[in-house]
Amino acid sequence: CLEAFCIYGSVGQVEEPYVSITRKKQMPHEGQSEEVERQVGQAEGKLFTHRAAFSRTSVIQAFLGSAPQLTLQLYICVLQRGVSIGRGEEEEDVCWKYVGEDYATLMVISLLSIVYGALRCNILAIKIKYDDYEVDIRPMAYLCIFLWRSFEIATRVAVLVLFSSVLQLWVLPMVFLNFLVFFFYPWILFWQSHSPFPENIEKTLTRVGTTIVLCLLTFLYAGINMFCWSAVQVKLNDPDLINKSQNRYRMAVYYMVRFVENALLLLLWYIYKTDFYEFIFAPLLVLQLLLAYVIAIFFMLIFYQFCHPCRRLFSSSMTQGLWDCSSFLHVLCTSASPQNTPMGRAATEQSSRQEPSNNQVPDTASDSTDDVPNDTTYDVINDTIYDTPNVENSSIGGVNRDVRHSASCNV
């Protein structure tokens, strides 16, 4: 930080011995995109490096420091509330007044730290994916990301704390399973791709050092996904270790599964809650937490639909992608249901058993397009019609009848 301030204060005072030229594309306007050249001095380049390092450090500090700290603070606050309830009314008021204010202040600071880290993660993902373009992020985009991440992270932490307060023995296996799934997911994709082991991360690193760096990267990735959706998706078989494609279906699946998981944890909390929560109207609290998560998804859709700085480069809208994903899941569920399987099988067997009533060659009047099954999904390239000369009937109608009969057999 001190070096960054010193560099910022000395910019423009001394002539730069080295200047580099960067080329960035502007956002396409009416289908056209212009490329702009810009000179970047050595001091400005160092400031960019410091800014990128600060962004990555804020993400690490948010999800490996503030997120567990906020969970622990809220858990202690809930237990402290339970201890104060067992005391006298006057002693309870004094105790809860000072302890509650302190914990509330600390929890707000921790929540803001996590939300800032998630916001920096979103901005970092946008700049990595659209590195060739000049990205101009407007205040409304920052506001949507802030509200999206605030509701998402606060709901997730509250659900984990409520579940752990009634089922202490089951919270560790649940958290450990979530962490292992997100930790090994990039490695599974890397092993399935059969790509060589990445060697270009750092020239001075050995193979063991590279493995340690990749493990730390996936560890951070798992820590982020424990509390919210990671905008930066790790891809170990990519030279930049970042997936630059649009992960809309993966995002939709994540939020669907996370919503179901939160609802299940809240249901278990509601079933096993004790008299400790008698001062809380439990159904209303469950409804509020689920509604808060839905509000987080709503602000996410608003951001990608209207406030994303690179939405002009999208091939389709975010809402359309989520709708296609939900339609695809609906088709899978309906096709796998036992009620639809016999009907489809019976229809297939009935269509396959349709044969002509006699073995004679059909005449021209009966050999029309109405008798041919309405199936236009066959391969035109492989549907070759071999015209075999008819010895018995060499007239034009006979040849056409044989050709039509051969075409219907090939279909």
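About the cut-offs
Sequence order sets the numbering: in each chain, residues are counted from 1 along the sequence as written. Only residues with pLDDT of at least 70 are given local features in this predicted model, and only at 80 or more are side-chain atom pairs given and counted; all residues enter the totals for whole chains, interfaces and linings. Note: side-chain values were computed over all heavy atoms of the structure, leaving out hydrogens and water. UniProt positions are given in the numbering used here, feature names are shortened, and annotations may be inferred rather than shown by experiment. Note on method: axes are straight lines fitted to C-alpha atoms, helices fitted across the in-contact stretch only, with angles between N-to-C directions ranging 0 to 180 degrees. Strands are runs of DSSP state E lasting at least 2 residues, helices are runs of H or I lasting at least 4, and numbering of each runs from the N terminus. Here the angle decides the label: under 35 degrees means roughly parallel, over 145 means roughly antiparallel, 65 to 115 means roughly perpendicular, and every other value means oblique. Left-handed describes a crossing whose near helix is turned anticlockwise from the far helix through less than a right angle; right-handed describes the clockwise counterpart. Any pair of residues with heavy atoms lying within 4.5 Å of one another is described as a contacting pair. By the convention adopted, Pro, Cys, Tyr, Trp, Phe, Met, Ile, Leu, Val and Ala count as nonpolar, Lys, Arg, Asp and Glu as charged, and the other residues, Gly among them, as polar. Working definition of a nonpolar core: buried Ala, Val, Leu, Ile, Met, Phe, Trp, Tyr and Cys residues. They are joined through side-chain atoms within 4.5 Å. Type-normalised accessible area, obtained with a 1.4 Å probe on protein chains alone, sets the label of each residue: buried when under 20%, exposed when over 50%, and partly exposed for intermediate values. Working definition: rings of Phe, Tyr and Trp (its six-membered ring) pair if their centres are within 6.5 Å, and the pair is stacked with planes under 30 degrees apart, edge-to-face with planes over 60 apart, and tilted otherwise. In this analysis the charged atom, NZ for Lys or CZ for Arg, is taken to sit over a ring once it is within 6 Å of the ring centre and within 35 degrees of the ring normal.

- Named according to an unreviewed UniProt entry, the protein is XK-related protein originating from Goodea atripinnis.
- Heading Subcellular location (unreviewed entry) of the UniProt record for the protein holds this comment: "Membrane".
- Under Sequence similarities (unreviewed entry), UniProt gives the following word-for-word description of the protein: "Belongs to the XK family."

## Quick look at the packing of helix α4 (residues 139-166) against helix α8 (residues 282-307)
- Orientation of α4 relative to α8, taken along the N-to-C sense of each, is 155 degrees, at an axis distance of 8 Å. Comparing the axis directions of α4 and α8 gives the class roughly antiparallel. For the pair α4 and α8, the crossing hand works out as left-handed. Across the interface between the two elements, Met140, Ala141, Cys144, Ile145, Leu147, Trp148, Phe151, Glu152, Thr155, Ala158, Val159 and Leu162 from α4 touch Leu285, Leu289, Ala292, Tyr293, Ile295, Ala296, Phe299, Met300, Ile302, Phe303, Tyr304 and Cys307 from α8.
- A class-by-class count of the residues in the contact of α4 with α8 yields 22 nonpolar, one polar and one charged.

## So, the nonpolar core
- In terms of nonpolar packing, the biggest core is built from 79 residues, with Phe63, Trp148, Tyr255, Trp269 and Phe303 touching the most fellow members.
- The set of elements that each furnish at least two residues to this core consists of α2 (42-85), α3 (89-129), α4, α5 (168-193), α6 (207-227), α7 (248-272) and α8.
- Once you skip the residues sitting within four places of it in the chain, Phe63 turns out to touch Pro68, Ile114, Gly117, Ala118, Gly223, Ile224 and Cys228.

## Section: the packing of aromatic side chains
- Following the criterion strictly, the structure yields 15 aromatic pairs and no others.
- Ring geometry for Phe303 against Tyr304: centres 5.1 Å apart, planes inclined by 75 degrees, an arrangement best described as edge-to-face. For the residue pair Phe303 and Tyr304, the accessibility class agrees, reading buried in each case.
- The residue whose ring lies beneath Lys273 is Tyr270, and the NZ or CZ to ring-centre distance is 5.4 Å.

## Some points on unusual backbone geometry
- Residue His194 is not a glycine yet carries a positive backbone phi of 55 degrees.
- Following the sequence through the fold, His194 ends up in the loop between α5 and α6.
- His194 gets classed as exposed once you look at its relative accessible area, which sits at 72%.
- One non-glycine residue, Leu241, lies in positive phi territory at about 65 degrees.
- Its place among the elements puts Leu241 in the loop between α6 and α7.
- Accessibility expressed as a relative area gives 12% for Leu241, which makes it buried.

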